[in-house]
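Fold and geometry: a report
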Amino acid sequence: MKRILIVTTALAATTTAAFAAGPTQTYSEPVVQQPVAPVESAPLYDFSGLSVGGQIGYGNIETENPELEGDGGLYGLRSYYDFDFGNTVAGLGLQYDRGDIDLDGAANAEGVLRVGPRLGYDFGRTMVYGTGGYAKAYTDDDAVGDSDGYYVGLGTETFLTENVTAGAEVLYHEFDDFDNGGLEADATTANINVNYRF
């Protein structure tokens, strides 16, 4: 009996000492995380929405009845509203070019207004398109007057940044509604343009 009491007392003393020391703490190696390179999102090139811009170019005009011709510089403004459907872009635009092209001293072509649709293919950053529509030519001679007509052409537009594009366009025009009843004119213009897309 004495022996059991001694063993029990020894066990109790050992257990009390263990609890007094608290739980045994284990050591774990710190986890080293590898640095993660920041992921830059690719720029989004979307032709949808409103764009406004400016253009400079060159125009060549030839007329019949009488036969006249002239060429010179042009500058103007442009605005389009486009819808980007993935591979296809469709839009409607307005352009006005100002110039002072002398037609062999008979009159000066002062400007041309264009309103019409365009339909293009979206290559991602670049669009190539065809366009056509209504055009109006303005002269400075009351005897010659102004004329309604049409235009057709090709163009391209490329994103420089997510909001700025640059482009080029070649257009052919025909006019046969001048106040001088027999006068007919055709004009070819080429321009480069810069646009801001909202």
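Coordinates for the structure precede this section.
Residues numbered from 1 in each chain as written. Predicted model: local features only at pLDDT ≥ 70, side-chain atom pairs only at ≥ 80, totals over all residues. Heavy atoms only, no water.

This paragraph deals with the side chain of Gln-55. Checked against the element boundaries, Gln-55 lands in strand E1 (residues 49-64). Within the structure, the side chain of Gln-55 is placed 2.8 Å from the side chain of Asp-97, a separation counted as a polar contact. Once residues within four sequence positions are removed from consideration, Gln-55 is found in contact with Leu-74, Tyr-75, Gly-76, Leu-77, Arg-78, Gln-95, Asp-97, Arg-114, Asn-191, Ile-192 and Asn-193. (Helix = DSSP H or I, 4+ residues; strand = E, 2+ residues; numbered from the N terminus. Polar contact = N/O pair within 3.5 Å; in protein donor to acceptor, adjacent residues only side chain to side chain. Contact = heavy atoms within 4.5 Å.)

So, on to unusual backbone geometry. Omega for the bond connecting Asn-65 with Pro-66 falls within 30 degrees of zero, at 5°, which places this linkage in the cis form. Relative to the assigned elements, Pro-66 resides in the loop between E1 and strand E2 (68-84). Backbone geometry at Asn-65 places phi at a positive 60°, although glycine is not the residue there. We note that Asp-104 has phi near 50°; this positive angle belongs to a residue other than glycine. Structurally, Asp-104 is set in the loop between strand E3 (88-103) and strand E4 (107-122).

So, about the pairing of E1. Relative to E2, E1 runs antiparallel, the two being bridged by 15 bridges. The partner of Gly-49 across the bridge, within E2, is Asp-82. Counting the residues between successive antiparallel strands, the hairpin from E1 to E2 contains three residues, one of them, Asn-65, with a positive phi of roughly 60°. Across 14 bridges, E1 lies against strand E8 (residues 184-197) in antiparallel orientation. Bridging across to E8, Glu-64 finds its partner in Glu-184. (Pairing = 2+ DSSP bridges.)

This model, assessed by the stated rule, comprises seven aromatic pairs. For the pair Phe-83 and Phe-85, a centre-to-centre distance of 6.5 Å together with 20° between the ring planes defines the contact as stacked. Overall, the relative accessible area of 61% leaves Phe-85 in the exposed class. On the numbers, 6.4 Å between centres and 65° between planes, the contact of Tyr-96 with Tyr-138 is edge-to-face. Highlighted residues: Tyr-96 in strand E3 and Tyr-138 in strand E5 (residues 126-139), separated in sequence by 42 residues. (Phe/Tyr/Trp six-rings, centres within 6.5 Å; stacked < 30°, edge-to-face > 60°. Buried < 20%, exposed > 50% of the residue type's maximum accessible area, 1.4 Å probe, protein only.)

Overall, Asp-104 belongs to the exposed group, its relative accessible area being 51%. The sequence separation of Asp-104 and Leu-68 amounts to 36 residues, and the corresponding C-alpha distance is 5.9 Å. Setting aside residues up to four positions removed in sequence, Asp-104 forms contacts with Glu-67, Leu-68 and Glu-69.

Taking strand neighbours around the barrel as the criterion, the eight strands line up as E1-E2-E3-E4-E5-E6-E7-E8 in a closed arrangement whose pairing is antiparallel. Looking at each pair of strands side by side, their axes are set apart by 20° on average, direction ignored. In this sheet, E8 lies alongside strand E7 (residues 164-175) in antiparallel orientation, the contact comprising 12 bridges. When the bridges of E8 are listed, Ala-168 appears paired with Ile-192. (Axes fitted to C-alpha atoms, helices over the stretch in contact; angles between N-to-C directions.)

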